[in-house]
Amino acid sequence: EPEVTQTPSHQVTQMGQEVILRCVPISNHLYFYWYRQILGQKVEFLVSFYNNEISEKSEIFDDQFSVERPDGSNFTLKIRSTKLEDSAMYFCASQHGAQRGTGELFFGEGSRLTVL
Amino acid sequence: GDSVTQMEGPVTLSEEAFLTINCTYTATGYPSLFWYVQYPGEGLQLLLKATKADDKGSNKGFEATYRKETTSFHLEKGSVQVSDSAVYFCALIAYSGAGSYQLTFGKGTKLSVIP
């Protein structure tokens, strides 16, 4: 069964360093998302991406964050200068075009980011 | 804004016990409601959903009924198995008229089932 894959599964970085989290969505999906969950808190929406541009973003997704689909298969989240409060589990998700607006997303297993 | 509140975990049950995980929500408009599950080492996956009041979603022996009067969507299973050990997330999507389609999640409830 097709699945969303994320790398790395766990990354430890120093505050101020740049981090890139990678995702390979399901191949025929058109909508892509990043969510995050800080330990003990709710899963929060960061950004959605369609047709090579951001379609929606939350207040969390400030200038330190960027997303890209560099090669038609990968979908990346970059944090330019990490802060301690960026420590979280980051989930990538994708969605088939026909499921747009249904709430039915396919998620990866997450990338845990630890900022020291 | 929209929000989801689910019972705090972790929840530990013996095999064949009855499971209830409470979930309540606040939303503008007419939300669809979901339960997602994350098994160890895997991504979140949709477990069940309900799109309107009084609908019952069901899958793998789990059920949840959309109760508009109590703004609730409690997850139940009559007899849990060790393989049900996972983190369960309640979520909603509401159509605000502004084209907003992102899911709003709760914190998740970790369930451990012991033999």
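A few points on the structure. (Residues numbered from 1 in each chain as written. Chains lettered and ligands numbered in written order. Predicted model: local features only at pLDDT ≥ 70, side-chain atom pairs only at ≥ 80, totals over all residues. Heavy atoms only, no water.)

### Re the overall build of chain B
Piece 1. Along chain B, the regular secondary structure elements total 0 helices and 12 strands.
Piece 2. Secondary structure elements in chain B, listed N-terminal to C-terminal, are β-β-β-β-β-β-β-β-β-β-β-β.
Piece 3. What you see for chain B is a C-alpha radius of gyration of 14 Å, in line with the 13 Å of a compact globule of 115 residues.
Piece 4. In terms of principal-axis extent, the alpha carbons of chain B reach across some 50 × 30 × 20 Å.
Piece 5. When contacts within chain B are restricted to residue pairs at least 6 apart in sequence, long-range pairs at least 24 apart make up 56% of them.
Piece 6. Total accessible area on chain B stands at roughly 5,400 Å², and carbon and sulfur atoms take up 50% of it. (Helix = DSSP H or I, 4+ residues; strand = E, 2+ residues; numbered from the N terminus. Rg over C-alpha atoms; globule rule 2.2 N^0.38 Å. Contact = heavy atoms within 4.5 Å. Areas by Shrake-Rupley, 256 points an atom, 1.4 Å probe, with all protein chains shown as cover.)

### Observations regarding the pairing of strand E8 (residues 75-79) of chain A
All names here are of chain A.
Piece 1. Among the 5 residues that make up E8, 4 are buried, leaving the element largely enclosed by the rest of the structure.
Piece 2. Of the strand pairs in this sheet, strand E3 (residues 19-24) and E8 are connected by 5 bridges, and their pairing is antiparallel. In the sheet register, Val19 faces E8, and the bridge partner there is Ile79.
Piece 3. As paired elements, strand E7 (residues 65-68) and E8 share 4 bridges and run antiparallel to each other. Considered in E8, the bridge of Val67 is made with Leu77.
Piece 4. Between the antiparallel neighbours E7 and E8 lie 6 residues, among them Gly72 with a positive phi of about 80°. (Buried < 20%, exposed > 50% of the residue type's maximum accessible area, 1.4 Å probe, protein only. Pairing = 2+ DSSP bridges.)

### Observations regarding the sheet that holds strand E9 (residues 75-77) of chain B
All names here are of chain B.
Piece 1. Pairing within the open sheet is antiparallel, and its 4 strands lie in the order E3-E9-E8-E7. The open sheet has two edge strands, strand E3 (19-21) and strand E7 (56-59), and neither has a second partner. On average, adjacent strands in this sheet sit at an angle of 15° to one another, irrespective of strand direction.
Piece 2. With 3 bridges connecting them, strand E8 (residues 62-65) and E9 associate as antiparallel partners. (Axes fitted to C-alpha atoms, helices over the stretch in contact; angles between N-to-C directions.)

### Here we look at the packing of aromatic side chains
Residues and elements named next belong to chain B.
Piece 1. Evaluation of the coordinates by the stated rule reveals 17 aromatic pairs over all chains.
Piece 2. Their ring planes at 45° and their centres at 6.4 Å tell us that Phe34 and Tyr36 sit as a pair that is tilted.
Piece 3. For Phe34, a relative accessible area of 0% puts it in the buried group. (Phe/Tyr/Trp six-rings, centres within 6.5 Å; stacked < 30°, edge-to-face > 60°.)

### Structural notes on a negative patch on the surface
Piece 1. On the surface, A:Glu1, A:Glu3, A:Glu109 and B:Glu42 cluster together into a negatively charged patch.
Piece 2. Overall, the relative accessible area of 39% leaves A:Glu109 in the partly exposed class. (Patch = residues over 30% accessible without salt bridge, like charges linked within 9 Å, V, L, I, M, F, W, Y side chains within 5 Å. Salt bridge = Lys/Arg side-chain N within 4 Å of Asp/Glu carboxyl O. Lys, Arg positive; Asp, Glu negative; His and termini not counted. Charge placed at Lys NZ, Arg CZ, Asp CG, Glu CD.)

### Focus: the state of the cysteines
All names here are of chain A.
Piece 1. Per the stated rule, a full pass over the model turns up 2 disulfides over all chains.
Piece 2. Put simply, Cys23 and Cys92 are joined by a disulfide, and their sulfur atoms are 1.9 Å apart. Where Cys23 bonds to Cys92 through sulfur, the torsion about that S-S bond is close to -65°, and the disulfide is left-handed. Note that Cys23 is positioned in strand E3 and Cys92 in strand E9 (residues 88-95), a separation of 69 residues in sequence. (Disulfide = S-S within 2.5 Å.)

### Overview of the sheet that holds strand E1 (residues 5-7) of chain A
Pairing between the strands of a sheet is mediated by backbone hydrogen bonds and can be parallel or antiparallel.
All names here are of chain A.
Piece 1. Ordered in space as E1-E3-E8-E7, the 4 strands form an open sheet in which the pairing is antiparallel. Two strands in the sheet have a free side with no partner beyond their single neighbour: E1 and E7. On average, each strand axis in the sheet is tilted by 15° relative to the strand beside it, whichever way the strands run.

### Some details on the nonpolar core
It is characteristic of soluble globular proteins that their nonpolar side chains tend to be buried jointly.
Piece 1. Membership of the largest hydrophobic core comes to 28 residues, with the highest contact counts inside it found for B:Trp35, B:Leu47, B:Leu48, B:Phe73, B:Leu75 and B:Tyr88.
Piece 2. If you list the elements that add at least two residues to this core, you get strand E2 (11-14), E3, strand E4 (23-26), strand E5 (32-38), strand E6 (45-50), E8, strand E10 (86-93) and strand E12 (109-114) of chain B.
Piece 3. When residues in this core are grouped by element, the largest group, 4 residues, is from E10(B).
Piece 4. If you look at the next biggest cluster of nonpolar residues, it comprises 22 residues, including A:Cys23, A:Trp34, A:Leu46 and A:Phe61. (Core = buried A, V, L, I, M, F, W, Y, C linked by side-chain atoms within 4.5 Å.)

Fair warning: the whole summary comes from geometry, so function is off the table for now.
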